[in-house]
Amino acid sequence: MSIDGYPTETIIGLEVHVQLKTNTKLFCGCSTRFGAPANTQVCPVCLGLPGALPVMNEGAIDLAIRAGLALDCSIPPLTKWDRKQYFYPDLPKGYQISQFDLPICADGFIEIDNPDSPDQSRRIDILRAHLEEDAGKSMHDEATGRSESRIDLNRCGTPLLEIVSQPDMRSSTEAKLYLTELKLRMTHLGISDCEMQEGSLRVDANVNLHIDVDGKKIATPIVEIKNMNSFRAVERAIDYEIDRQYDEWEETGKTIHDMPKRTFGWDDSKERTFKQREKEESADYRYFPDPDLLPIRLPVERIEQARDGLGEMPAAIRTRLQGQYGIKPYDANVIVNQGRELIDYYEVVANNSGDGKRSSSWIQQDVLRTMNDLQCPVGDFPISAEKLGELLKRVSSGSLDNTRARDVFAHLLENDCTVEEAIEALGIVSVDGNELESLCQELLQSNPAVVEDYKGGKKQAIGSLIGQAKKKNPNANPQQVRETLLRIIDSI
Amino acid sequence: MLDSALEILRLQSTGEASAVDVTEKVFESIESSESSINAFTHVDRDLALATAEAIDKKRRAGEPLGPLAGVPVAAKDVLCTKDMPTTCSSNMLRHFRPPYDATVIEKLRQADAVIVGKTNMDEFAMGASTETSAFGVTRNPWDTSRTPGGSSGGAAACVAAGNVPLSLGSDTGGSIRQPSGFCGVTGLKPTYGRVSRYGLVAFASSLDQIGPIGWSVPDVALLLQAISGFEPRDSTSLDREVPDYTSALQTSDLRGLRIGVLRDALEADGIDDQVRAAVHDAMQVFKSAGAELVDVNLPHSEYWVPTYYVIAPSEASSNLSRYDGAHYGHRATELDPDQVEQLGPLHATYCKSRGEGFGAEVKRRIMVGTYALSEGYADQYYNQALKARRLIKGDYDTAFTQADLLLGPVSPTPAFPLGEKVDDPIQMYLCDLFTVGANLAGIPAISLPAGLNSEGLPLAIQLQAPALQEARLLFAGAAYQTTTDHHQQRPNL
Ligand SMILES: [Zn+2]
């Protein structure tokens, strides 16, 4: 890649926090439900009151193991808890219980499509994934010098898994592909909801450039971008940062050796990154093993049991859908990337209709578009997979054309009825052979010019007659009309 | 002077005294001694009397009563109580009332004990003389010019003064045993994990343990029984059955028991001659009771104090981070403009609140601990101390293959004058010379009164046992007290 001057390579590493889908917090029994009134889901433990002690939530360990396996990580036989210490009002203990040198997952990877060459894949290595408790939310106005602060500790102690990639991504597109696949696996396996808007998936991106100056590689200072609230924002923030760093280097000549890592925020409305005030002058978190918690032993049996319970992974499903239903890799990708529920929906439609390709294209166009318009998840979609399957079966068998099928689809969206009832309500009846024959005869007689044109080689002239037939009788099947017309012309 | 817990139970069961009578006597006693001793940070007569009345009512109604029914107990002010302040003798928590009870307090209530108040201590349990308290020093009932020891100075002094028969202390490096020794009472530090730490305000989490203080071994056994046991809210609590600590304490027969004498401790520099003599006397007592005496050494004992004074402050620096003025506890009202300028209002609030709320010794340990955990120093200090701790544990493991119990002194000297060491941290830390080993190894140990010195000050001996062998400590301690009367001596108030 080259930005106006020297060739550059973009280096991106991502730190992703996913909130584990447990009912209770990581070290106490408080609920993790989102959206409760401030400070109503707290107890002495998550408030960090004197004398309160943490007790580990085994469910979070199970989900972390599941996540590790889904990311092809190794799970060590022994892991432990460490305290990460810093002062902040949303951290009531003055330390966060996290994992330092023995994370629960290590050395995994995710394969993504290579954006530059679609048939190849790129491997993004995962350094580690560790468990930690979330902090609360604070709104602290430091600038005014007034001591007014508001703190909501509901989120405090919620289990998070921080997944740290190697700096293996080379473009914002790759970062987005990595995030999409990561989110897919987490949601697919019920590990996390991954709702960026609710904070159950958070992304920090570490970005810098390697600039090739006449064969000499110069690295720009690393910037960590925070506060991105959508995958699109991640892409845009990275792209912005690539330009900004190049400009900065041109202007100042500063390299990675001249500056420590800086933290930037992303302003979505202004579409730019901005430097954040450093929280700590130098981040010495003084990690040490939490003496209130025991080390965690993870016997091989527990890990193998988790592996057996994983079920089919997204990549395997993609391959299977292609083989089983004859759809293209691209189509399998679109369906699988929508998550477990849509995959299940697709399979029922495909099985009931007996037409995997048609099911795939209907789902990608009509179903997903409607879901998007209605803002409704798969589970709430008004047309059941069984019904859609039946509808498409009729299309495949030729008893219903695509246009009429879309009418039925629209009717089913609005009305709770069967496909049969919808067809009846719309007055769709199949036109019998004699009726079709006389309709076509009539059209040919009143349009001799078209017949001449057709015979003269303008095959497409027949199209206008099909359109007229449809007008005279909306139930006429265009394919059947065409066949009948041609048969009559040939016999003249 | 109040009777023993066992005697109080007997008097109530025969109807010779009611719980209210006993409680009234407690407050009469506190009233007469408190001005000279200052053992308490908080007492609540009305609350205690209400509890006592409820117990008497239950007794009259023939309802089942707990094993400590009507027995007055005082609790070190490091244990959370929802109906009394919990201050840790610190300005930081001067007005703090926890919304919950510590597990041991819950257990006391279930046992129908009458909690009379909270006892004074070194601030956040950091000290060996109760002089670092923000509520004034506690004085030794045997000699009010001297320290009762610490950090559970108030808990030991109130028993010695006859205010209550029993109290709960906490022991991180000797904080039950040393003040018990200085005050001529019996104090036991249980195995790490034997008693739930839930609701014990943490000083050094891997070392802290709650334990009983009383006149005699049978009383101490009674309280230990009531507070011991596994509890899921403390992940470090041990899921092991609790034996009957109160049985088999009427014996003087120690045949078959091997008692290891800690020779190095007895010959240590700076150990008082009369302290040494008290241990020698105890050796004779155990020998005549039939025990076999063997010499035992703990080779890494010279590293105990340095190891302890890295690990304990490290953990403390972390545990005390929560007192930042943001959520509860002391919060500075007027900020230092220079600090606001330099650090911003948030950090200036932290600095000022912590600066005002903590005393000098607490600050010293926070700084030492912060340093020991810092990047570049952790390997030299904290991680090195963890290695030493493993060696120290190993020494005990070896020693307990040669002996069933270990005998030695509790402290190098008897109670020292107030003010003598308070400005000399190193001298103060050396008070823990013989006690921190049990905390580092997580094993139980007991301090037993061993007579008075020529100045009329209590002397003490210490027995240590393998993990979870509290019953063995109590058994040997009871035998010692069956053949001696040191534990029956009382100060003249
Ligand atoms: Zn909670």
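Reading the values: rules and limits
The residue numbers shown here count from 1 along each chain, following its written sequence. Written order determines the labels here, with chains lettered from A and ligands numbered from 1. At least 70 in pLDDT is required for a residue's local features to be given in this predicted model, at least 80 for side-chain atom pairs to be given and counted, and no such filter applies to totals for whole chains, interfaces and linings, which use all residues. As a convention, hydrogens and water are excluded, and side-chain values are obtained from all of the structure's heavy atoms. We count a stretch as a helix when DSSP gives it H or I for four or more residues in a row; a strand needs E for two or more, and each element gets its number in order from the N terminus. The atom set for the radius of gyration is the C-alpha atoms, and the globule formula is 2.2 Å times the number of residues raised to the power 0.38. Burial here depends on accessible area, computed with a 1.4 Å probe over protein chains only, as a share of the maximum for the residue type. Under 20% is buried, over 50% is exposed, and the range in between is partly exposed. Here an axis means a line fitted to C-alpha atoms, over the contact stretch when the element is a helix, while the angle between two N-to-C directions is reported on a 0 to 180 degree scale. Should the near helix be turned counterclockwise from the far one by less than a right angle, the crossing is left-handed, whereas a clockwise turn marks it as right-handed. Contact definition: two residues touch when any of their heavy atoms are within 4.5 Å. Classes in brief: Ala, Val, Leu, Ile, Met, Phe, Trp, Tyr, Cys and Pro nonpolar; Asp, Glu, Lys and Arg charged; the others, Gly included, polar. Take the number of residues in a helix, subtract one, and multiply by 1.5 Å to get its expected span. Any pair of N or O atoms that falls within 3.5 Å is considered a polar contact. Within protein, one atom must be able to donate a hydrogen and the other to accept it, and sequence-neighbouring residues count only if both atoms are side-chain atoms. These domain limits were set by an automatic method or by a database of domain assignments. The salt bridge definition used is simple: a Lys or Arg side-chain nitrogen within 4 Å of an Asp or Glu carboxyl oxygen. Only residues whose relative accessible area exceeds 30% and that form no salt bridge are eligible for patches; like-charged ones are grouped when within 9 Å, while nonpolar side chains (Val, Leu, Ile, Met, Phe, Trp, Tyr) are grouped when within 5 Å. Method for areas: the Shrake-Rupley scheme with a 1.4 Å probe, in which residue coverage is limited to the protein chains shown. This arc is taken over the directions from the axis of the helix to the C-beta atoms. The pairing criterion for strands is at least two bridges between them, as found by DSSP. Because water is not among the atoms used, a metal site may look incomplete, as its donors are only the N, O and S atoms within 2.8 Å, or 3.2 Å for Na, K and Ca. For a four-donor site, all angles between 85 and 135 degrees give tetrahedral; for four or six donors, opposite pairs above 155 degrees with the remaining angles between 65 and 115 give square planar or octahedral; all remaining cases count as irregular.

Moving on: the overall build of chain A. Looking only at helices and strands, chain A features 15 helices and 16 strands. What you see for chain A is a C-alpha radius of gyration of 30 Å, clearly larger than the 23 Å of a compact globule of 492 residues, by over 25%. Projecting the C-alpha coordinates of chain A onto the three principal axes gives extents of approximately 95 × 60 × 50 Å. For chain A, the residues scored as buried account for 51% of the 492 residues in total.

Bringing the packing of helix 7 (residues 340–353) of chain A against helix 9 (residues 385–397) of chain A into the picture now. How two helices pack is summed up by the angle between their axes together with the distance between the axes. All names here are of chain A. Packing of helix 7 against helix 9 leaves a shortest axis separation of 7 Å and a crossing angle of 35°. Crossing angle aside, the handedness with which helix 7 passes helix 9 is right-handed. In contact with Tyr-345, Val-348, Val-349, Asn-352 and Ser-353 of helix 7, helix 9 contributes Ala-385, Glu-386, Leu-388, Gly-389, Leu-392 and Lys-393. In terms of residue class, the contact of helix 7 with helix 9 is built from six nonpolar, three polar and two charged.

Next up on the list: helix 1 (residues 58–70) of chain A. Owing to its 3.6 residues per turn, the α-helix aligns residues three or four sequence positions apart on the same side. Residue and element names in this part refer to chain A. The terminal C-alpha atoms of helix 1 lie 18 Å apart, and with 13 residues this matches the ideal 18 Å at 1.5 Å per residue to within 8%. Looking only at helix 1, the buried set comprises Ala-60, Ile-61, Leu-63, Ala-64, Ile-65, Ala-67, Gly-68, Leu-69 and Ala-70. Here the buried face of helix 1 lies against strand 5 (105–113), strand 6 (121–133), strand 9 (159–165), helix 2 (172–188), strand 16 (296–297) and helix 4 (300–308). N-cap assignment for helix 1: the residue whose side-chain oxygen lies 2.9 Å from the backbone N of Gly-59 is Asn-57. At the C-terminal side of helix 1, Asp-72 shows a positive phi close to 55°.

Residues and elements named next belong to chain A. Its place among the elements puts Ile-191 in the loop between helix 2 and strand 10 (201–213). In this structure the C-alpha to C-alpha distance between Ile-191 and Asn-114, which are 77 residues apart in sequence, comes to 26 Å. Look past the residues within four positions of Ile-191 in its chain and what remains in contact with it is Gln-19, Leu-20, Lys-21, Leu-63, Arg-66, Ala-67, Arg-185 and Met-186.

On to the domain arrangement of chain A. One can read the domain layout of chain A as domain 1 (2–301), domain 2 (312–425) and domain 3 (433–491). The C-alpha-based centres of domain 1 of chain A and domain 3 of chain A are spaced at 65 Å.

Let us now look at the pattern of salt bridges. If you walk through the whole model with that rule in mind, you get 62 salt bridges over all chains. The shortest N-O distance in the salt bridge between Asp-355 of chain A and Arg-358 of chain A comes to 3.2 Å. The salt bridge partner of Glu-16 of chain B is Arg-10 of chain B, with a shortest N-O separation of 3.4 Å. With a relative accessible area of 38%, Arg-10 of chain B lands in the partly exposed category. Within this structure, Arg-83, Asp-290 and Asp-292 of chain A together with Arg-197 and Asp-234 of chain B form a network of salt bridges that share partners.

A few words on a nonpolar patch on the surface. Residue and element names in this part refer to chain B. Taken together, the side chains of Tyr-371, Tyr-377 and Tyr-381 present a nonpolar region at the surface, about 270 Å² in accessible area. Structurally, Tyr-377 can be placed in the loop between helix 12 (360–373) and helix 13 (382–402). Given a relative accessible area of 33%, Tyr-377 falls into the partly exposed group.

Quick look at unusual backbone geometry now. Look at the link from Gly-150 of chain B to Ser-151 of chain B: it is a cis peptide, with omega at 5°. If you trace the backbone, Ser-151 of chain B turns up in the loop between strand 3 (114–119) and helix 5 (153–160). The phi dihedral of Asp-72 of chain A falls on the positive side, at around 55°, and the residue is not glycine. Topologically, Asp-72 of chain A is positioned in the loop between helix 1 and strand 2 (78–79). Residue class for Asp-72 of chain A comes out partly exposed when judged on its relative accessible area of 43%. In this structure, Glu-271 of chain A is a non-glycine residue whose phi angle is positive, near 55°. If you trace the backbone, Glu-271 of chain A turns up in the loop between strand 13 (262–267) and strand 14 (272–275). The class of Glu-271 of chain A is partly exposed, set by a relative accessible area of 42%.

In this section: helix 10 (residues 402–414) of chain A. Residues and elements named next belong to chain A. A rise of 1.5 Å per residue sets the reference length of helix 10, with its 13 residues, at 18 Å; its end C-alpha atoms lie 19 Å apart and thus fit the reference within 8%. Restricting attention to buried positions, one finds in helix 10 the residues Arg-404, Ala-405, Val-408, Phe-409, His-411 and Leu-412. For helix 10, the angular spread of buried residues about the axis comes to 165°, placing them on one side. Of the surrounding secondary structure, the elements contacted by the buried residues of helix 10 are helix 8 (356–374), helix 9, helix 11 (419–425) and helix 14 (462–472). The opening residue of helix 10, the one whose side-chain oxygen lies 2.8 Å from the backbone nitrogen of Thr-403, is Asp-401.

A few words on the sheet that holds strand 9 (residues 405–409) of chain B. Residue and element names in this part refer to chain B. Strand order in the open sheet formed by 11 strands is 1-3-2-4-6-5-10-11-9-7-8, and the pairing between neighbours is mixed. A strand with exactly one partner marks an edge of an open sheet, and here the two such strands are strand 1 (40–43) and strand 8 (292–296). On average, adjacent strands in this sheet sit at an angle of 25° to one another, irrespective of strand direction. With five bridges joining them, strand 4 (residues 166–170) and strand 6 (residues 210–214) adopt antiparallel strand pairing. When the sheet's bridge partners are listed, Ser-170 is paired in strand 6 with Ile-210. The strands that helix 4 (residues 103–110) touches are strand 2 (72–76), strand 3, strand 4 and strand 6; relative to strand 3, the one it contacts most, it runs at about 150°.

Moving on, we come to the coordination of the zinc ion. All names here are of chain A. Here the zinc ion is held by the protein donor atoms Cys-28 (SG), Cys-30 (SG), Cys-43 (SG) and Cys-46 (SG), which lie 2.3 to 2.4 Å from it. One can describe the site at the zinc ion as tetrahedral: its four donor atoms subtend angles covering 100 to 116° at the metal. Counting gaps between the donor residues of the zinc ion yields the pattern C-x1-C-x12-C-x2-C. Of this pair, Cys-30 sits in the loop between strand 1 (8–19) and helix 1 while Cys-43 sits in the loop between strand 1 and helix 1, and the two are 13 residues apart along the sequence. Given the relative accessible area of 9%, Cys-30 is considered buried.

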